Amino acid sequence: MQPRVILTDIEGTTSSISFVKNVLFPYARQALPGFVAEHGQQPEVRRWLDAVASEIGGACQDSLVAETLQGWIDQDRKHTALKALQGLIWDAGYRRGDYTAHFYPEVAPVLKGWHASGLPLYVYSSGSVPAQKLFFGFSDAGDLSPLVSGWFDTEVGGKREADSYRHIAQAIGVPAGEILFLSDVVEELDAAREAGLQTRLIDRLDDYPMPRIGAAANGHERVENFQQIQL
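Residues numbered from 1 in each chain as written. Predicted model: local features only at pLDDT ≥ 70, side-chain atom pairs only at ≥ 80, totals over all residues. Heavy atoms only, no water.

Let me state the cut-off plainly: UniProt positions are given in the numbering used here, feature names are shortened, and annotations may be inferred rather than shown by experiment.
The name that an unreviewed UniProt entry assigns to the protein chain is Enolase-phosphatase E1, with the source organism given as Stenotrophomonas lactitubi. One UniProt comment on the protein chain, placed under Subunit (unreviewed entry), says "Monomer."

What about the sheet that holds strand β4 (residues 179–183)?
What counts, and what does not: Paired strands, as defined in this entry, are two strands with at least two bridges between them according to DSSP. Segments assigned H or I by DSSP are reported as helices when at least four residues long, segments assigned E as strands when at least two residues long, and all are numbered from the N terminus. Contact criterion: two residues are considered in contact whenever any of their non-hydrogen atoms come within 4.5 Å of each other. To obtain an axis, a line is fitted to C-alpha atoms, over the contacting stretch when the element is a helix, and the angle between two such axes runs from 0 to 180 degrees between their N-to-C directions.
Taken in spatial order, the 6 strands line up as β3-β2-β1-β4-β5-β6 in an open sheet, and their pairing is parallel. A strand with exactly one partner marks an edge of an open sheet, and here the two such strands are β3 (148–152) and β6 (222–223). Sheet topology note: the strand β2 (residues 121–124)/β3 ladder contains 4 bridges and is parallel. Its bridge partner being in β3, Y122 is matched across the sheet by G150. Helix-sheet contacts for helix α6 (residues 129–137) involve β2 and β3, and the interaxial angle to β3 is about 145 degrees. Seen against the sheet, helix α8 (residues 186–194) touches β4 and β5 (198–202) and runs at an angle of roughly 175 degrees to β5.

Section: the nonpolar core
Nonpolar side chains in soluble globular proteins generally cluster together in the buried interior. Where we set the bar: The definition of a nonpolar core used throughout is a set of buried Ala, Val, Leu, Ile, Met, Phe, Trp, Tyr and Cys residues joined through side-chain atoms within 4.5 Å. Working definition: with a 1.4 Å probe on protein chains only, accessible area under 20% of the residue-type maximum means buried, over 50% means exposed, and in between means partly exposed.
If you look at the biggest cluster of nonpolar residues, it comprises 55 residues, and the most contacted ones within it are L69, W90, Y94, W114, F135, F136 and F226. At 9 residues, the largest contribution of residues to this core is made by helix α1 (residues 17–39). Other than its neighbours up to four places away in sequence, F226 contacts T8, T13, T14, E106, V107, V110, L111, W114, L182, I202 and R204. Membership of the second largest hydrophobic core comes to 22 residues, among which are A162, L189, A191 and L197.

Focus on the packing of helix α4 (residues 80–96) against α6
Just so we agree on the cut-off: Should an angle fall under 35 degrees it is taken as roughly parallel, and over 145 as roughly antiparallel, whereas 65 to 115 is taken as roughly perpendicular and any remaining angle as oblique. Crossing chirality is assigned from the near helix's rotation relative to the far helix, an anticlockwise turn below a right angle marking it left-handed and a clockwise turn marking it right-handed. Residue classes follow a fixed rule: Ala, Val, Leu, Ile, Met, Phe, Trp, Tyr, Cys and Pro count as nonpolar, while Asp, Glu, Lys and Arg count as charged, and any other residue, Gly among them, counts as polar.
Put simply, α4 and α6 touch, their axes get as near as 9 Å, and they point 20 degrees apart. Considered as vectors, α4 and α6 are oriented roughly parallel to each other. Considering the relative orientation of α4 and α6, their crossing is left-handed. Facing α4, whose interface residues are G87, W90, D91, Y94 and R95, α6 presents A131, L134 and F135. Of the residues that constitute the contact of α4 with α6, the class distribution is 5 nonpolar, 1 polar and 2 charged.

Here it is as structure tokens:
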């Protein structure tokens, strides 16, 4: 069945894993203490700091919260509060021109082609929705955000949980079987398939030097880049 909607991951799918790990994560880690000290009383920041404080034992100083968040970055923890705060920090970096978001060179032309053909694109990433919008808005291929019809993050649920994809299909208003999900993570594709979505495993040699074929792909159709995706 030809899909009516494309749902895509970002890191390792449209964009290099190394950009996030080697540029964005260190930038946020270094900026966190100063950002928390300067902006900690702003409501949009305070709600996330309080959420972290509650999780680590209740009332505690913001400096301890910042240190905890830095530890979570080191662990690559997929925590909604951390992702939200990282997004706020990255906003400043993008707008100052400290970096642009990496996209693999074939991605933007393919996305533009899908958009021109009337195929809606949605994004589902562990990064917060504001961070996703920054990533597409300040890409090294220019502003790609107008190509995206909607955004989902872990507030809809974990990416390895089938219910998350059911919620997304319901929110989009299209039967799950008419949505194609693109990701580099087999476990995410497993969850999407369980929810009834179509899947493609994006297996880029830059990010995964050992191709995932056979059992490693767990039955998902494997492509090495967006140009190989047959709709």
